[in-house]
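Each chain is listed here by its residues.
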Amino acid sequence: QVQLEESGGGLVQPGGSLTLSCAASGSIFKNYARGWSRQAPGKQRELVARITTGGSTTYADYAKGRFTISRDNTRNTLFLQMNSLKAEDTAVYYCNWGITLQSGLYVPTHWGQGTQVTVSS
């Protein structure tokens, strides 16, 4: 089993930046795609960004140009750099590992506990 633990959340002012980290431990396999999802109060959880085993990245439209997903395979760590944060980015952010189907759909199979990001002045 893979255990995922997020860190780096907190309170930031609009326009500010924050970097989330996700450390993986346990039975780590290299062929997992990895991603970040978020869930705002009263809303469904949504995929923010994903990185494939080959390093290709995809982003939700609202994240393009502002967020960057990356990974450090030597440390089994996933990152989400978030810039130009807005109040609507306020949510619990979850790290996840999963599989990519032949159709290209990413299906998370392992989740972290989440880290709160609050964007407010």
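Keep in mind the model is a prediction, meaning the values are calculated, not measured.

(A) Structural context of the packing of aromatic side chains. Going through the model one piece at a time under the given rule, you end up with 2 aromatic pairs. Look at Tyr-32 and Trp-97: their rings are 5.6 Å apart centre to centre, the planes differ by 55°, and that puts the pair in the tilted class. You can see Tyr-32 sitting in the loop between strand E3 (18-26) and strand E4 (33-39) and its partner Trp-97 sitting in strand E9 (residues 91-100), a full 65 residues away along the chain. Classification of Tyr-32 by relative accessible area gives buried; the value is 14%. The residue whose ring lies beneath Arg-34 is Trp-97, and the NZ or CZ to ring-centre distance is 4.0 Å. Just above the ring of Trp-111 sits the side chain of Arg-45; from NZ or CZ to the centre is 4.6 Å.

(B) Just the pattern of salt bridges, in detail. This model, assessed by the stated rule, comprises 5 salt bridges. In this structure, Arg-38 engages Glu-46 in a salt bridge whose closest nitrogen and oxygen atoms are separated by 2.9 Å. Looking at Arg-38, the relative accessible area reads 7%, which means it is buried.

(C) A nonpolar patch on the surface, seen in detail. Residues Ile-99, Leu-101 and Leu-105 make up a contiguous nonpolar surface patch of roughly 250 Å² in combined accessible area. Structurally, Leu-101 can be placed in the loop between E9 and strand E10 (106-111).

(D) Main features of unusual backbone geometry. Positive phi is not limited to glycine here, since Asn-76 has a value of about 50°. What makes Asn-76 buried here is its relative accessible area of 16%. Positive phi values are uncommon outside glycine, yet Ser-84 reaches one of about 50°. Among the structural elements, Ser-84 can be located in the loop between strand E8 (77-82) and E9.

(E) Structural detail: the state of the cysteines. Applying the stated criterion across every chain, the model contains 1 disulfide. Between Cys-22 and Cys-95 runs a disulfide, and the two sulfur atoms are separated by 2.0 Å. Disulfide Cys-22 to Cys-95: torsion about the S-S bond roughly -70°, handedness left-handed. Highlighted residues: Cys-22 in strand E3 and Cys-95 in strand E9, separated in sequence by 73 residues. As far as the burial class goes, Cys-22 and Cys-95 line up, both buried.

(F) Quick look at the nonpolar core. Core analysis: the largest hydrophobic core is formed by 26 residues, its most contacted members being Trp-36, Phe-67, Leu-80, Met-82 and Tyr-93. Those elements that place two or more of their residues in this core are strand E1 (2-7), E3, strand E5 (46-51), strand E7 (67-72), E8, E9 and strand E11 (115-119). The contact partners of Phe-67, leaving out residues within four places of it in the chain, are Arg-38, Val-48, Tyr-59, Leu-80, Gln-81, Met-82, Asn-83, Leu-85, Asp-89 and Tyr-93.

Cut-off values and rules
- Residues numbered from 1 in each chain as written.
- Predicted model: local features only at pLDDT ≥ 70, side-chain atom pairs only at ≥ 80, totals over all residues.
- Heavy atoms only, no water.
- Phe/Tyr/Trp six-rings, centres within 6.5 Å; stacked < 30°, edge-to-face > 60°.
- Helix = DSSP H or I, 4+ residues; strand = E, 2+ residues; numbered from the N terminus.
- Buried < 20%, exposed > 50% of the residue type's maximum accessible area, 1.4 Å probe, protein only.
- Lys NZ or Arg CZ within 6 Å of the ring centre and 35° of its normal.
- Salt bridge = Lys/Arg side-chain N within 4 Å of Asp/Glu carboxyl O.
- Patch = residues over 30% accessible without salt bridge, like charges linked within 9 Å, V, L, I, M, F, W, Y side chains within 5 Å.
- Areas by Shrake-Rupley, 256 points an atom, 1.4 Å probe, with all protein chains shown as cover.
- Disulfide = S-S within 2.5 Å.
- Core = buried A, V, L, I, M, F, W, Y, C linked by side-chain atoms within 4.5 Å.
- Contact = heavy atoms within 4.5 Å.

Keep in mind that these numbers describe shape and distance, not what the molecule does.
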